[in-house]
Amino acid sequence: MGATFSPSIGGGFMGGVSLKSSAMTSKKADPQAQKMREFEEQAMPLMPMMLAIAKRIVANSEDAEDLVQETYIKAFKSWHQFQQGSNLKAWLITILRNTSKNGFEKANRDKTRGSIDELEEWQVGTAESLTSRITRSAEAEALDNLPAETVLKALDALPEDFREVLLQAVVVGLSYKEIATATGVNPITVGTRLSRAKEALRVTLADYAREEGYSVPEDKE
Amino acid sequence: MTEFDCQETKRHVHEFLQAELTEAEMDEITAHLANCDSCEADYDFETLFNDVIKRSCDEVPAQELSERILGKIRQTLAEGH
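On a predicted model such as this, the values are computed, not experimentally measured, just so you know.

Cut-offs applied
Residues numbered from 1 in each chain as written. Chains lettered and ligands numbered in written order. Predicted model: local features only at pLDDT ≥ 70, side-chain atom pairs only at ≥ 80, totals over all residues. Heavy atoms only, no water. Helix = DSSP H or I, 4+ residues; strand = E, 2+ residues; numbered from the N terminus. Buried < 20%, exposed > 50% of the residue type's maximum accessible area, 1.4 Å probe, protein only. Contact = heavy atoms within 4.5 Å. Phe/Tyr/Trp six-rings, centres within 6.5 Å; stacked < 30°, edge-to-face > 60°. Lys NZ or Arg CZ within 6 Å of the ring centre and 35° of its normal. Axes fitted to C-alpha atoms, helices over the stretch in contact; angles between N-to-C directions. Parallel < 35°, antiparallel > 145°, perpendicular 65-115°, else oblique. Nonpolar A, V, L, I, M, F, W, Y, C, P; charged D, E, K, R; others polar.

**Q** Would you mind showing me how to read the overall build of chain A here?
**A** A count of helices and strands for chain A gives 11 helices and 0 strands. For chain A, the N- to C-terminal ordering of α and β elements is α-α-α-α-α-α-α-α-α-α-α. Sorting the 221 residues of chain A into buried and exposed places 43% on the buried side. Restricting to contacts in chain A with at least 6 residues of sequence separation, those with at least 24 account for 66%.

Here you go:
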């Protein structure tokens, strides 16, 4: 992770900072508002990813959401300790991990899915996750690590008829016949749309993954 | 019934994963996959892909959680933490 600084999880550490700034901020806008804006712009976009990580630590999604919420509140309280320009993702993961260790994990021990140490390995891509049986092609790995937000964005970019079939088949688990009835096309068309939708989504996601720095082959036919 | 060579096997991946084939066809494909790394890799990829899609859709509540977190923080600020 390379993050050596450790955020003070306890919070309540802003005395020095706010004293100093209030002395010279007679004309400046509220520093809290400024902090809030920074936090919203920088930390909030990473939230879906943190949620995905939290879901790998605790078994049920409600606990995962609570863990993320606690993490973000702590992160906000120690935001002044975050060094602008350093790795925010790593910083947030550190807080998430500490939050999870301090009580969260204990309280949910029986429901805990995997150890925090496993999480770290997963982060660097060495752990066997749900892809254990899978040939770890670069594409599969990239796909597995893309944040939900990115996948959802790609889904949104599909033509509606195709997205509808894809969601109904893959996410809802309806049969071709059921989808055909719901959408008023024949089951063969459902099959065609499903495979076209997945191909299109795959191409879009491979593009995104390349933008994220994964080396996914340009074309696989 | 269809002879499941590689081409046919690969062509039927979505039907297989959505359980749209007859039991006999599913068995044929399973037998082919056991002996064919290339087809198996394809099937594994599509299985993972489906999982990624499902998982991502489960995370739609992220939006709501985002609102909740920001609300909490604003509340903390208002109370002078």
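**Q** Before we go on, may I ask you to explain the packing of aromatic side chains in this structure?
**A** In this description, an aromatic ring pair is defined by two values, namely the gap between the centres and the angle between the planes. Residues and elements named next belong to chain A. The final tally for this structure, using the stated rule, is 8 aromatic pairs over all chains. Residues Phe39 and Phe76 carry aromatic rings whose centres are separated by 5.2 Å and whose planes lie at 80° to one another, so their mutual orientation is edge-to-face. Of this pair, Phe39 sits in helix 2 (residues 31-42) while Phe76 sits in helix 4 (residues 61-77), and the two are 37 residues apart along the sequence. Of the two residues, Phe39 and Phe76, both sit in the buried class. Their ring planes at 25° and their centres at 5.3 Å tell us that Trp79 and Phe82 sit as a pair that is stacked. Aromatic rings pair up to connect Phe39, Tyr72, Phe76, Trp79, Phe82 and Trp91 into one cluster. Here the guanidinium or amino end of Lys35 rests over the ring plane of Phe76, the centre of that ring lying 4.4 Å away. If you follow Lys153 out to its NZ or CZ, it ends over the ring of Tyr208, 4.7 Å from the centre.

**Q** Got a minute to help me understand the packing of helix 9 (residues 160-172) of chain A against helix 11 (residues 187-211) of chain A in this structure?
**A** How two helices sit against one another is set out by the angle between their axes and by the gap between those axes. All names here are of chain A. At a minimum axis distance of 8 Å, the contact between helix 9 and helix 11 shows a crossing angle of 100°. Taken together, the axis directions place helix 9 and helix 11 in an arrangement best described as roughly perpendicular. Together, Asp161, Phe162, Val165, Leu166, Ala169 and Val170 of helix 9 and Val190, Arg193, Leu194, Arg196, Ala197, Lys198 and Leu201 of helix 11 make up the contact between the two elements. Within the contact of helix 9 with helix 11, the residues separate by chemical class into 9 nonpolar, no polar and 4 charged.

**Q** Just checking my understanding: could you explain the packing of helix 10 (residues 176-183) of chain A against helix 11 of chain A for this structure?
**A** Residue and element names in this part refer to chain A. Here helix 10 crosses helix 11 at 100°, and the two axes come no closer than 8 Å. Relative to helix 11, the element helix 10 lies roughly perpendicular. Along its contact with helix 10, which presents Tyr176, Lys177, Ile179 and Ala180, the element helix 11 presents Pro187, Val190, Gly191 and Leu194. In terms of residue class, the contact of helix 10 with helix 11 is built from 6 nonpolar, 1 polar and 1 charged.

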